[in-house]
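Fold and geometry: a report
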Amino acid sequence: YDLITVNVYFVGLTALSQTMTPLVLPLLVQRFAGEAAQGRLYGNLRLWGLMTAVLVQAAAGMLSDRYRGRWGRRRPFILAGTLLDLLCIVGIAYAATLEGMSGYRLLFAVFILLMTATNIAHGPQQGLIPDLVPPEQRGLFSGGKALMEVPVPLMLVAFTIGPLVGRGRLNAALLALGGILLGTMALTMLVRERPLS
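Let me begin by describing the structure that accompanies this report. Given the structure is predicted, the values throughout are model-derived calculations rather than measurements. (Residues numbered from 1 in each chain as written. Predicted model: local features only at pLDDT ≥ 70, side-chain atom pairs only at ≥ 80, totals over all residues. Heavy atoms only, no water.)

**A look at the overall build of the protein**
Keep this limit in mind: What counts as a helix is a DSSP run of H or I of at least four residues, what counts as a strand is a run of E of at least two, and both are numbered from the N terminus. Working rule for contacts: check all heavy atoms of both residues, and any pair within 4.5 Å makes them a contact. The protein chains shown are the only cover counted for residues, whose accessible areas, like all others here, come from Shrake-Rupley with a 1.4 Å probe. When charges are counted, Lys and Arg contribute as positive and Asp and Glu as negative, whereas His and the chain ends are disregarded. A charge is said to be at NZ when it belongs to Lys, at CZ for Arg, at CG for Asp and at CD for Glu.
Within the protein, the secondary structure is distributed over 8 helices and 0 strands. Of the regular secondary structure in the protein, the N- to C-terminal order runs α-α-α-α-α-α-α-α. In terms of overall dimensions, the protein has a C-alpha envelope of 55 × 30 × 25 Å along the principal axes. Within the protein, contacts between residues separated by at least 24 positions form 80% of all contacts whose residues are at least 6 apart in sequence. Only carbon and sulfur atoms are counted for the fraction: they give 67% of the accessible area of the protein, which is about 9800 Å². Of the side-chain charges in the protein, 16 are positive and 9 negative, and the distance between the mean point of each set is 3 Å.

**Digging into the pattern of salt bridges**
Rules: Any carboxyl oxygen of Asp or Glu that lies within 4 Å of a side-chain nitrogen of Lys or Arg is treated as forming a salt bridge with it. Each residue is placed in one exposure class: buried if its accessible area under a 1.4 Å probe, protein chains only, is under 20% of its type's maximum, exposed if it is over 50%, and partly exposed if it falls in between.
Under the defined criterion, the tally for this structure stands at 6 salt bridges. Measuring nitrogen to oxygen at the nearest pair gives 2.6 Å for the salt bridge that ties R74 to D131. In this pair, R74 is assigned in the loop between α2 (9–66) and α3 (75–95) and D131 in helix α5 (residues 128–132), connecting sequence segments 57 residues apart. With relative accessibility at 4%, the residue R74 sits in the buried group. The partner of E193 in a salt bridge is R75, with the nearest N and O atoms 3.3 Å apart. Within this pair, whereas E193 is found in the segment after α8 (170–188), its partner R75 is found in helix α3, the two being separated by 118 residues in sequence. Taken individually, E193 and R75 each receive the classification buried, so the pair is uniform in this respect.

**Section: the packing of α2 against α3**
Convention followed: Helix axes are fitted to C-alpha atoms over the stretch in contact, other axes to C-alpha atoms as well, and angles between N-to-C directions run from 0 to 180 degrees. We call two directions roughly parallel when the angle between them is under 35 degrees, roughly antiparallel when it is over 145, roughly perpendicular when it lies between 65 and 115, and oblique otherwise.
Across the interface, α2 lies against α3 with an axial gap of 11 Å and an inter-helix angle of 170 degrees. For the element pair α2 / α3, the angle class is roughly antiparallel. The residues of α3 that touch α2, namely those facing Y9, L16, M20, V24, L28, F32, A60, L63 and S64, are F77, I78, T82, D85, I89, I92 and A95.

**Focus: the packing of aromatic side chains**
Note the cut-off: Here is the rule: rings of Phe, Tyr and Trp (six-membered ring for Trp) pair when centre to centre is within 6.5 Å. Planes less than 30 degrees apart are stacked, more than 60 are edge-to-face, and the remainder are tilted.
Applying the stated criterion across every chain, the model contains 2 aromatic pairs. Residues Y67 and F77 carry aromatic rings whose centres are separated by 5.5 Å and whose planes lie at 85 degrees to one another, so their mutual orientation is edge-to-face. Remark: F77 occurs in helix α3 and Y67 occurs in the loop between α2 and α3; sequence separation between them is 10 residues. In this structure F77 comes out as buried when scored by relative accessible area, which is 16%. Judged by centre distance (6.2 Å) and plane angle (50 degrees), the rings of Y104 and F108 are tilted. Of this pair, Y104 and F108 both sit in helix α4 (residues 100–125), separated by 4 residues, roughly a single helical turn. Judged by relative accessible area, F108 falls into the partly exposed class, the value being 22%.

Okay, here's the thing in structure tokens:
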């Protein structure tokens, strides 16, 4: 039970990155900018997104280290980050209805917000194993984390979201992604985390 609840959110995080980076963003950038400019604009989007992710993840991790809420240190950040993620996914779906550089500019802004929201949750999520797992069980829990980070979300995206994007059903793919994020976050809220004294 604990092995799943402590690690399951990594399924949602990896499903998000496996959906956005290789599937949704290149498709939308090509639609907005055409083939001539898509490489430069996609690279710009990824660069700013990664810089945002690095800074926000570190800051959120440090803030959650000292957070004294009654839900514990990590879960409030995971909840808030996921809810913001869902709003950003709606924003990306709306951006997909636009055309030209106005669509790209909105996509860029929403993607930076998505990276901010995701890493508000990701930094604190990284602290659950060191916080809650006894040293003699950390190897087992780290193995569970690896399983939830790579093969499980990869199969989920390959068999559900990927085919939807391939058939041009972007809204359905984003809805499935939102469902995965929401479900994994809900299971993570069951973690037995105590408030920091």
